[in-house]
Amino acid sequence: MFQLATLLIAVIVGSCSLGNENREGNFAEYNFIVANDLGRNGYYEQRAIADQMGQYSEKMDIEFVAAVGDIHHFNGVASVSDPLWMTNFELIYSHPGLMIDWFSQLGNHEYRGNTRACIDYSAVSRRWIMPDRYYTRVVEVDDSTTLRLVFVDTTPIIEKYRKDSLDYPDAVKQNWIRQLQFVDSILREANETWTIVLGHHPVHAYTTKSEGERKDIRERLDPFLRRHKVDFYFSGHIHNFQHIQAAGSSVDYVVNSSASRSRPVEAIEGTVYCSDKAGFTVCSVSHTAFSINFVDSKGKVIYTYTKEK
């Protein structure tokens, strides 16, 4: 049965610490990384963060990376042979510890280019895994523990992008209702120990971006997250760290920061923690606990939270 989550650090709900804590983190034997908003050809903090991701992977035996969209700023890629695959991805994330599976998905910047090339690149790169625009994966944590991941293609769910066929030509072509029927069918039958959903756009977040983005996600996707009692919803897009617990929902909403360039942040209703640091998240999973660890560009764990069952 779902139990109340346990906070491992003292945080006043509604406050917004700006990442001065140096925590040791809460890690298990099974760990994976969530990263997003990556591709800036190594500039800003991308190279430093990529190096920290590699170091964490090496010392903690990271199982995979969940790449939650906007791997390619600013206009996506033109083809599977676009040089951006090298300068944004392959040559930046070259640490031996990152030669693992990257479960990838589209963000709004991929929709400014050739979205099909992002799927087809799975046949080019051994580590790049994107079988479709939305898909699900189940991984075995140990003999008694499983983790289901559901990757959602959020850009076509948002009317802002569907109406802009000049900058996002593929968005309006996608059937978002069919996608949500898929999500509902997967979550309805899911019986894994832990279930997480990952999409580029957040359900709840502080941001100066259009409110319509979150409104569409709240109205169209969030009811399924709540109904099926998903454990976590991971997103990116906002370029800062946010952990939000919304009234009436058992879902923990995690906005993962940019792995290259961050933006300012403030607390909103439901904010448990937020930080304007760039970085990535290390998730640690056991049969009874799922921990998130926010890591900044210097490799410091600035926030840790554990949900228990």
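Calculation criteria
- Residues numbered from 1 in each chain as written.
- Predicted model: local features only at pLDDT ≥ 70, side-chain atom pairs only at ≥ 80, totals over all residues.
- Heavy atoms only, no water.
- Disulfide = S-S within 2.5 Å.
- Salt bridge = Lys/Arg side-chain N within 4 Å of Asp/Glu carboxyl O.
- Helix = DSSP H or I, 4+ residues; strand = E, 2+ residues; numbered from the N terminus.
- Buried < 20%, exposed > 50% of the residue type's maximum accessible area, 1.4 Å probe, protein only.
- Pairing = 2+ DSSP bridges.
- 1 Å grid on protein atoms, 1.4 Å probe; cavity = no way out; pocket = protein on both sides within 12 Å on 5 of 7 lines; lining within 4 Å.
- Points joined across faces, edges and corners; volume = space filled by probe spheres on them.
- Nonpolar A, V, L, I, M, F, W, Y, C, P; charged D, E, K, R; others polar.
- Patch = residues over 30% accessible without salt bridge, like charges linked within 9 Å, V, L, I, M, F, W, Y side chains within 5 Å.
- Areas by Shrake-Rupley, 256 points an atom, 1.4 Å probe, with all protein chains shown as cover.
- Lys, Arg positive; Asp, Glu negative; His and termini not counted.
- Charge placed at Lys NZ, Arg CZ, Asp CG, Glu CD.

A. View of the state of the cysteines. Counted under the stated rule, the structure contains zero disulfides. As a non-bridged cysteine, C283 has C274 as the owner of its nearest cysteine sulfur, 18 Å distant.

B. Representation of the pattern of salt bridges in the model. Taken as a whole and assessed by the stated rule, the structure comprises 15 salt bridges. Two residues, D101 and R126, come together in a salt bridge whose shortest N-O distance is 2.9 Å. In this pair, D101 sits in strand 4 (residues 101-105) while R126 sits in the loop between helix 3 (115-120) and strand 5 (128-129), placing the two residues 25 residues apart along the sequence. With a shortest N-O distance of 3.0 Å, R214 and E211 are connected by a salt bridge. You can see R214 and its partner E211 sitting in helix 6 (residues 211-220), three residues apart, about one turn around the helix. The network of salt bridges with shared partners includes D184, R188 and R227.

C. Quick peek at the pairing of strand 8 (residues 194-199). Burial analysis of strand 8 places six of its six residues in the buried class, which makes it a mostly covered element. Side chains W194, I196 and L198 project from strand 8 onto one buried face, and the interleaved T195, V197 and G199 project onto a second face that is buried too. Alignment of strand 7 (residues 145-152) against strand 8, held across six bridges, turns out to be parallel. The residue bridging F151 from the neighbouring strand is L198, located in strand 8. Bridge analysis of strand 8 against strand 9 (residues 232-235) gives three bridges, and the strand direction is parallel. Its bridge partner lying in strand 9, V197 is registered against Y233.

D. View of the layout of surface pockets. Of the voids in this model, the largest pocket is the one considered here, and its volume is about 250 Å³. Looking at the largest pocket, it is lined by 15 residues, and the ones nearest its centre are T195, H228, K229, D231 and K309. Those elements that provide at least two residues to the lining of the largest pocket are helix 5 (176-189) and strand 8. Looking at the lining of the largest pocket residue by residue, the class counts come to five nonpolar, five polar and five charged.

E. Here's a closer look at a negative patch on the surface. A surface patch of like charges, here negative, comprises E29, E140, D142 and D143. Positionally, E29 belongs in the loop between strand 1 (6-7) and strand 2 (30-35). Residue classification places E29 among the exposed residues on the basis of a relative accessible area of 78%.

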